[in-house]
Amino acid sequence: MTSVSRFQIDQNTGLPDIKDFAEFGQALRSMSNDGETHKLSDGMGELSHAIERVGKALSSHQRGATVGPLLVDLLTALRKHRQLVVGLSESWRTLYEYAAYLAALNNFRVLVGQWLVERNITGDNEVVIEDFEMIGWRTLGEGLMMIDIHEQALNQAQVESSMAPIDQSRLARAKSWWGNLRGKSGEGESPIQ
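Quick caveat, the model's predicted, so the values are computed rather than measured.

> Which parts of the structure should I look at to understand the overall build of the protein?
Within the protein, the secondary structure is distributed over seven helices and zero strands. The linear arrangement of helices and strands in the protein, starting from the amino end, is α-α-α-α-α-α-α. Expressed as a percentage of contacts within the protein between residues at least 6 apart in sequence, the contacts between residues at least 24 apart total 70%. Per element, the accessible surface of the protein, about 12,400 Å² overall, is 54% carbon and sulfur.

Shown next, in the form of structure tokens:
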């Protein structure tokens, strides 16, 4: 069985041609009917915008007065998104990927806080663009992994719930077998009804 990608494929690389997280979020929303997944992907979109703004400022070598407020905005976005993640239902919290994503968000938040402190102490931009982008996109990648695993679990549950009912003749034979077994070992007990 081949799967059809909902992303446009780059002819040169054969990989999805996604230019920013907003495009990915739209595709993700189209693949899922789960309300929490939609909220989470929207929240990740907001977080990605904050990451992209800081990344653009760093890549254009902007300093202090420009980068500082963007880092504060990112810290606010991280806190808001973390609250969204903490509020997810039990079906998310049982996933290993949930704990990994929450840890990644916490680590990124601590790191942004450290960058803000260092910037205030040195009066300069101490954030290295490569480190920032790697950590930002890795954090979002953890979230995407969590969403993917959750969607797989939802699909598996739907498949299992829609399985054909047990053939009544097979069920009757199983009850008869169990009744005979119990009748021989538990003298005087009646077979299963």
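> Mind showing me how you'd approach the pattern of salt bridges here?
Two side chains carrying opposite charge are able to pair once their charged atoms lie near each other. Applying the stated criterion across every chain yields a total of two salt bridges. Salt-bridge contacts for E90 lead to R93; the nearest nitrogen and oxygen are separated by 3.1 Å. Here R93 and E90 lie together in helix α4 (residues 90–93), a separation of three residues that amounts to about one turn. By relative accessible area, which is 48% here, E90 ends up partly exposed.

> When you look at the nonpolar core in this model, what are you seeing that I'm missing?
Soluble globular proteins tend to bury their nonpolar side chains together. Of all hydrophobic cores here, the largest spans 31 residues; its most connected members are L47, L74 and V112. Counting residues per element, the ones that place at least two in this core are α2 (35–59), α3 (64–86), α5 (96–122) and α6 (129–161). Beyond its immediate chain neighbours, meaning those up to four positions away, L74 contacts L47, A50, I51, V54, F108, V112 and F132.

> Help me understand the packing of aromatic side chains in this model?
Given two aromatic rings, one states the distance between the centres and the angle between the planes to describe the pair. Counted under the stated rule, the structure contains two aromatic pairs. A centroid spacing of 5.9 Å and a plane angle of 45° characterise the contact between F108 and F132, whose relative ring orientation is tilted. Of the two residues, F108 sits in helix α5 while F132 sits in helix α6, which places them 24 residues apart along the sequence. Residue class for F108 comes out buried when judged on its relative accessible area of 1%. Note on F132: relative accessible area 0%, which makes it buried. Ring geometry for W115 versus F132: centroids 5.7 Å apart, planes at 50°, classification tilted. Of the two residues, W115 is situated in helix α5 and F132 in helix α6; the sequence distance between them amounts to 17 residues. In this pair, the class of W115 matches that of F132, namely buried. Put simply, the rings of F108, W115 and F132 touch in pairs and so form one group of aromatic residues.

> What am I meant to see in α2 here?
Since one α-helical turn is 3.6 residues long, residues separated by three or four positions face the same way. Helix length check: α2, at 25 residues, gives a terminal C-alpha distance of 36 Å against a target of 36 Å (1.5 Å per residue), a fit within 8%. Trailing α2 by a residue or two, H61 shows a phi angle of about 60°, which is positive.

> Whenever I open this one, the environment of E52 confuses me. Can you help?
For E52, the location among the structural elements is in helix α2. E52 sits in the buried class, given a relative accessible area of 18%. Separated by 84 residues in the primary sequence, E52 and G136 have C-alpha atoms spaced 8.9 Å apart.

> Is there a simple way to think about the confidence of the model for the protein in this case?
In regions of low pLDDT, the predicted coordinates are not meant to be interpreted in detail. Model confidence for the protein is summarised by a mean pLDDT of 78, while 70% of its residues fall at 70 or above. Averaged pLDDT values over the elements of the protein bottom out at 65 in helix α1 (residues 21–31) and peak at 93 in α4. Taken as a whole, residues 1–5 scores under 50 in pLDDT and shows zero contacts with residues more than four places along the chain or in a different chain.

Rules and cut-offs
- Residues numbered from 1 in each chain as written.
- Predicted model: local features only at pLDDT ≥ 70, side-chain atom pairs only at ≥ 80, totals over all residues.
- Heavy atoms only, no water.
- Helix = DSSP H or I, 4+ residues; strand = E, 2+ residues; numbered from the N terminus.
- Contact = heavy atoms within 4.5 Å.
- Areas by Shrake-Rupley, 256 points an atom, 1.4 Å probe, with all protein chains shown as cover.
- Salt bridge = Lys/Arg side-chain N within 4 Å of Asp/Glu carboxyl O.
- Buried < 20%, exposed > 50% of the residue type's maximum accessible area, 1.4 Å probe, protein only.
- Core = buried A, V, L, I, M, F, W, Y, C linked by side-chain atoms within 4.5 Å.
- Phe/Tyr/Trp six-rings, centres within 6.5 Å; stacked < 30°, edge-to-face > 60°.
- Expected span 1.5 Å × (residues − 1).
- pLDDT = per-residue confidence, 0-100.

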